[in-house]
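# Summary of the model geometry
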Amino acid sequence: MEDMLFYDRMQFAFTITFHYLFPQLTMGLSLIVVYFKGKYLYSEIEKYNDAAKFWMKIFALNFAMGVVTGIPMEFQFGTNWAKFSELTGGIIGQTLAMEGMFSFFLESSFLGLFIFGEKLLGHKLHFVTGFLVFLGSWASGYLIIATHSWMQHPVGYEILENGRFVLNNFSALFSNPWLLPSYFHNQLASVITASFVVAAIGAFYILNNKHSEFGKLFVKTGVGFGLVSSILVAFPTGDLVAKNVVKHQPVTFAAMEGIFETEEGGSEIVLIGQPNMLEQKLDNKIAVPNILSFLTYQDWNAEIKGLNEFDKSTHPTNIPGLYYAYHIMVGLGTIFIGLMLLAAVQLFRKKLYTTKWILWALMFMLPFPYIANTTGWYTAELGRQPWLVYNLLRTADGASPTVSAGNTLFTLLGFIGLYLLLGLLFLMLAGKIINKGPQLNNTH
Amino acid sequence: MELFWYIVLMTMLAVYVILDGYDFGAGIIHLFFAKTEKDKKAITNAIGPFWDANEVWLIASGGILFFAFPTLYASSFSGFYLPLIMILWLLIFRAIGLELRGQIHNRIWEAIWDKAFGISSLLLALFFGVALGNVVRGVNLGNVVNGVSTHEAHFFFLPLWNPTFSPHAEALGVIDWFTLLLGVIGVISLAIHGANWIIFKTNSDLNTKLRKVIFNLNIVLLVLVIISILIWHLIEPKPFHNFFKYPWLWLFPIITLTGLLGLFKIKSFKKDGYGFIFSSLFLFGGLTTTVSSIFPKVLPSTNDINPDLTLYNVAADEYGLSVGVYWFAIAIVLVAVYMFIQYKVFRGKMDDVGYGEH
C-alpha cells in the first residue's frame, strides 16, 4: 500500500514537472509573439514581423511538447487517483471540463491557423489568430488554477455521507479568494520565463555577433517584459499568495519559512539554513530579525506561529523539501529583479548591448526561471500535503485502489524513458531553430 | 440530467472518432500505401492543420466524462490502467511523428517519424476498437474472486490479456478474441475512413489506387461486421432487447448499413467528399448502435455479485450537472464557430498547405 502511493505520487510529480516546463513558456511567449506581431501592424517595420515569425517557430515546437505531455495529466486523475476523482469529480470535473471546452478548442483551432495561415489570412487576421491562441492558453491557466485553488482552499461544496464532495455553489469556485492572487502570480511567473528566454537568445546573438540586430531587439524586449513581470510576481501577487497561506494554512507557512518554534516579539526571516528534522531546528542559519513579521502583518512584532503549535499529523509531509522549494523560488526571484534592474538601467543609458557581463548573465540565466517556476509549484503542492483537498481529504486516501505498485512503476519507467526522448528532441530542434536564427524578409 | 450528459458525451465521442478517426486512418494508409515522398506529403498535408484540434475532442470528452460521470471515469480509467497509459504513449508518438518529421531533412530522420506516425495510428485504431469491445463485454466489477468482492463494487483492474484470450473467462483481460475482432474492425473501418479523407482533401496520385483499396477493405469490413453480429449474442445475451423496446433505435443500425453498403459505389462517386460521408455514417452508426444495445449500462458487470454501472449510478449530483448546462451551451457554440472558421480557411484541396515545412 505504501509503495502504491509512493509510485503514484512519483509519477504525477514527474509527469507534471516535465509537462509544466512547456506551458510556462507557451503562456508567456504567446504574449510576446502577439506583442511583436502587433508592433509590426502598428509600425509596419518588417523586423518585428520577422521576430514574430522566429518566435512562432519556437512557440509551435514548445506548444506541441506541452500538448503531448499535457494529455497524460488529465488521464492520470482517473488512472492513478481514482478515489480522488470519484469523490471530487463533481467539483473539479467542472473546471477541468471547462478547460477542455473553452481553452483547448480555442488554442488548437487557431494554432493551426496561426502557424499555417499567414498567407491565407493577411497580417491583421493573423494577429487575431495569435491573440486567440494567447487567450486560449491563459484561459487554460485560469481554469487549472481554479482547480488548484479549490484543492488548496475548498469552497462551495458539501460532503455527503458516502464521503463524496458535491458542488452547491458554482460561482464560489471562481470567487475563491485563493484564485486571483495565485493566477496572476503564476501567469507573471510564466511571462518571466518567456522574457528570460527571449533575452537569453538575444544576448547569445549579440555575444556571438550573429543576427545581432535581432539580438538587440530580443534583449530589449526581454528586459522590458522581464523587469515588469519580475517585480509584479513578487509584489503584489507573491505577497498576496503568501498572505493566503498564512491565513488559511498557517502550518504550511511555518514550514515554508523554516519556523520550528514561535518566536516572542516577532519572527526573523531566514535567508539560508538547513532544516534539521532530528533536532527540530535550522542549522547554519542566516536570518534577519523581525522582517518576516513585518512582511506578513506590517507589524515588526507580530507573532507568527511555529510548527510546534500544530499537531504533527497536520505538518507538511516533506518539510525540508517544502522549505528548500520556497527558498529557491524566493532567492531566484530576488536575483531576477536585481539582474533585470541592472539591465534596464544600462538599456536606459544605451550601454546594454556593450555591457558584456550583463549579456553573459542574461544568457546564463535561461534555465533559472524554469527552476523558479518549478520550485514555486513544489511550494504550493508540498505545502498542501498531507492533503489532496486541504484539511478534508488525505493524499493517501485518493489513490487508485486497484492499480498495483508494479503497474505504476512500469508506467513511470515508461514515462521517464519517453520524456527523456522528448526532452532531447526538444533541445535538439530548438537548438537548430536558434542556431539558424530569424530570417530577414526584405522582399519589398 | 444524466441522460442529457450521456447523450452529450456519446455525441462528443462519436465526433472524436469521426474526426481523429480520419487522422488514424490517414496514418494507416501512410504506413501501407504511401511509397513516394509526394504521397506522404499529400497525406500529411490533408490532416496537418486538423489533427491537433481533432485530438481535443478526446481530451474534452475525457473532461466531460470526469465532470458528469466521475464514478465511471474513476472506475474505468483505473481499471483499464495499462491500455490507457499505452494509448497516451501512442498519442505522443503519433503527434511527434507528425510534427517533427519535417524539421530535419534527412532520410533516416524522416523514416523514423514516418513509422512512428503510421504504427502508432494503426495501434491506436486497434486499441479504440478493443476499448469498445471491452465496454460491450463488461468487466469483473469489484474484482470478484471465488464469489467475494476484493474491492469496492465499482472498481476493478484488468491485465492486458488472460492466458485463454476468452471473453468468458473468470479472470478477464483487455484483449480477447472478441475485443480483438472489434479492434480489427476499428483498424479496417478507420483505414477506409482515412483513405476517404485523403481523396476528399487532395489531388494526390494515390487517389485512384485508394478507391480500389477502399472497395476491397469494405468487403473485408462487411464480412467482419456480419461475423460480429452472428457472435454478438455470445457476449451480450439480449443484443436486440433495446431495439424492440424502443423501435426508433433501429435508425442507428440503418445508418451503419447505409454507410457500409454505400461505400461499395466508391468508384462511381461524382464528388470526392461522398466517400467520407459514407464512412462517417458507418462510424457514427456503429458506435451508436453498440452503445444503444447495452443502454442504460455504461460498463456491464460480468459477475452476479456487483451490479452493472449504468449512467444513473455513476453520475455527478443534480446541481453540478444542471449548472454545467449553461457553460456547456456557450462553449459548444464557440466550438462550432471555431470549427466553421477552421474548415472554411482550409477548405478544398490541401495539396499546397506545406504542412511540416519549417
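Above: the structure in question.
These numbers were taken from a predicted model, which means no experiment stands behind them. (Residues numbered from 1 in each chain as written. Chains lettered and ligands numbered in written order. Predicted model: local features only at pLDDT ≥ 70, side-chain atom pairs only at ≥ 80, totals over all residues. Heavy atoms only, no water.)

### Observations regarding the overall build of chain A
- Summing up its helical and strand segments, chain A has 14 helices and 6 strands in all.
- What you see for chain A is a C-alpha radius of gyration of 23 Å, in line with the 22 Å of a compact globule of 444 residues.
- Per-residue burial over chain A gives 59% buried out of 444 residues.
- A separation threshold of at least 6 residues defines the contact pool for chain A, and within that pool the share at least 24 residues apart is 76%.
- Accessible surface, chain A as shown: approximately 17,800 Å² in total, 66% of it carbon and sulfur.
- Each charge sign in chain A was given a centre, from 27 positive and 28 negative side chains, and these centres are 17 Å apart. (Helix = DSSP H or I, 4+ residues; strand = E, 2+ residues; numbered from the N terminus. Rg over C-alpha atoms; globule rule 2.2 N^0.38 Å. Buried < 20%, exposed > 50% of the residue type's maximum accessible area, 1.4 Å probe, protein only. Contact = heavy atoms within 4.5 Å. Areas by Shrake-Rupley, 256 points an atom, 1.4 Å probe, with all protein chains shown as cover. Lys, Arg positive; Asp, Glu negative; His and termini not counted. Charge placed at Lys NZ, Arg CZ, Asp CG, Glu CD.)

### Focus: the pattern of salt bridges
- Enumeration over the complete set of coordinates arrives at 18 salt bridges over all chains.
- A salt bridge links Glu152 of chain B to Lys83 of chain A; its shortest N-O distance comes to 2.6 Å. Taken as a pair, Glu152 of chain B in the loop between β2 (148–149) and α7 (177–201) and Lys83 of chain A in helix α4 (residues 82–116) lie in two separate chains rather than in one.
- Across the pair Asp20 of chain B and Arg94 of chain B runs a salt bridge whose closest N-O atoms are separated by 2.9 Å. In this pair, Asp20 of chain B sits in helix α1 (residues 2–33) while Arg94 of chain B sits in helix α5 (residues 81–100), placing the two residues 74 residues apart along the sequence. Judged on exposure class, the residue Asp20 of chain B and its partner Arg94 of chain B are both buried.
- Counted as one network, the salt bridges with shared partners bring together Glu37, Lys40, Lys41, Arg101 and Asp114 of chain B. (Salt bridge = Lys/Arg side-chain N within 4 Å of Asp/Glu carboxyl O.)

### Concerning the environment of Lys220 of chain A
All names here are of chain A.
- Structurally, the position occupied by Lys220 is in helix α8 (residues 212–248).
- Judged by its relative accessible area of 44%, Lys220 is partly exposed.
- Expressed as a C-alpha distance, the spacing of Lys220 and Leu347, which sit 127 residues apart in the sequence, is 7.4 Å.
- Each residue touching Lys220, except ones within four places of it in the same chain, is listed here: Leu347 and Tyr353.

### A look at the packing of α4 of chain A against helix α5 (residues 118–152) of chain A
Residues and elements named next belong to chain A.
- The N-to-C vectors of α4 and α5 enclose an angle of 165°; their axes lie 6 Å apart at closest approach. The angle between α4 and α5 falls in the class roughly antiparallel. When the axes of α4 and α5 are compared, the crossing they make is left-handed.
- Considered class by class, the residues forming the contact of α4 with α5 number 22 nonpolar, 10 polar and 3 charged. (Axes fitted to C-alpha atoms, helices over the stretch in contact; angles between N-to-C directions. Parallel < 35°, antiparallel > 145°, perpendicular 65-115°, else oblique. Left-handed = near helix turned anticlockwise from the far one by under 90°. Nonpolar A, V, L, I, M, F, W, Y, C, P; charged D, E, K, R; others polar.)

### Quick look at the side chain of Glu268 of chain A
Residue and element names in this part refer to chain A.
- Locating Glu268 in the fold gives a position in the loop between α9 (250–257) and β3 (269–276).
- Looking at Glu268, its side chain comes within polar contact range of the side chain of Lys285, at 2.7 Å.
- Those residues in contact with Glu268 that lie beyond four places of it in its chain are Glu263, Lys285, Ala287, Val288, Pro289, Asn290 and Leu292. (Polar contact = N/O pair within 3.5 Å; in protein donor to acceptor, adjacent residues only side chain to side chain.)

### Considering the packing of aromatic side chains
- The tally for this structure, following the rule as stated, stands at 72 aromatic pairs over all chains.
- Where Trp161 of chain B meets Phe165 of chain B, the ring centres are 6.3 Å apart and the plane angle is 25°; that geometry is what we call stacked.
- Look at Trp197 of chain B and Phe200 of chain B: their rings are 5.6 Å apart centre to centre, the planes differ by 75°, and that puts the pair in the edge-to-face class. Pair noted here: Trp197 of chain B and Phe200 of chain B are both in helix α7, with a separation of 3 residues, about one helical turn.
- Owing to a relative accessible area of 2%, Trp197 of chain B belongs among the buried residues under this scheme.
- Connected via pairs of aromatic rings, a cluster forms that spans Tyr35, Phe36, Phe54, Trp55, Phe204, Tyr205, Phe214, Phe218 and Phe225 of chain A.
- Between the NZ or CZ atom of Lys47 of chain A and the centre of the ring of Tyr48 of chain A, over which it lies, the distance is 5.7 Å.
- Sitting above the plane of the Trp387 of chain A ring, Arg394 of chain A keeps its charged end 4.3 Å from the centroid. (Phe/Tyr/Trp six-rings, centres within 6.5 Å; stacked < 30°, edge-to-face > 60°. Lys NZ or Arg CZ within 6 Å of the ring centre and 35° of its normal.)

### Considerations on the pairing of β3 of chain A
All names here are of chain A.
- Where β3 and strand β4 (residues 281–288) come together, 6 bridges link them in antiparallel fashion. Paired with Pro275 across the strands is Leu282, a residue of β4.
- Between the antiparallel neighbours β3 and β4 lie 4 residues, among them Gln280 with a positive phi of about 55°. (Pairing = 2+ DSSP bridges.)

### Considerations on the environment of Val233 of chain A
Residue and element names in this part refer to chain A.
- Within the secondary structure layout, Val233 lies in helix α8.
- Along the sequence, Val233 and Arg9 sit 224 residues apart, while their C-alpha atoms lie 28 Å from each other.
- Setting aside residues up to four positions removed in sequence, Val233 forms contacts with His185, Leu188, Ala189, Ile192 and Gly238.

### Let's talk about the interface of chain B and chain A
- With 68 residues of chain B in contact, the opposing surface of chain A contributes 66 residues.
- Both faces considered, chain B and chain A share a buried interface measuring about 6,000 Å² in area, 78% of it formed by carbon and sulfur atoms.
- Seen at the junction of chain B and chain A, the total is 1 salt bridge.
- Summed over the shared surface of chain B and chain A, the number is 16 residue pairs in polar contact (both at pLDDT 80 or more).
- Those elements that place two or more of their residues in the side of chain B that touches chain A are α3 (51–68), α4 (70–79), α5, α6 (107–137) and α12 (318–345) of chain B.
- The greatest single-element share of the side of chain B that touches chain A, amounting to 15 residues, is contributed by α12 of chain B.
- The residue inventory of the side of chain B that touches chain A, partitioned by class, reads 50 nonpolar, 13 polar and 5 charged. (Buried area = accessible area lost by both parts, 1.4 Å probe.)

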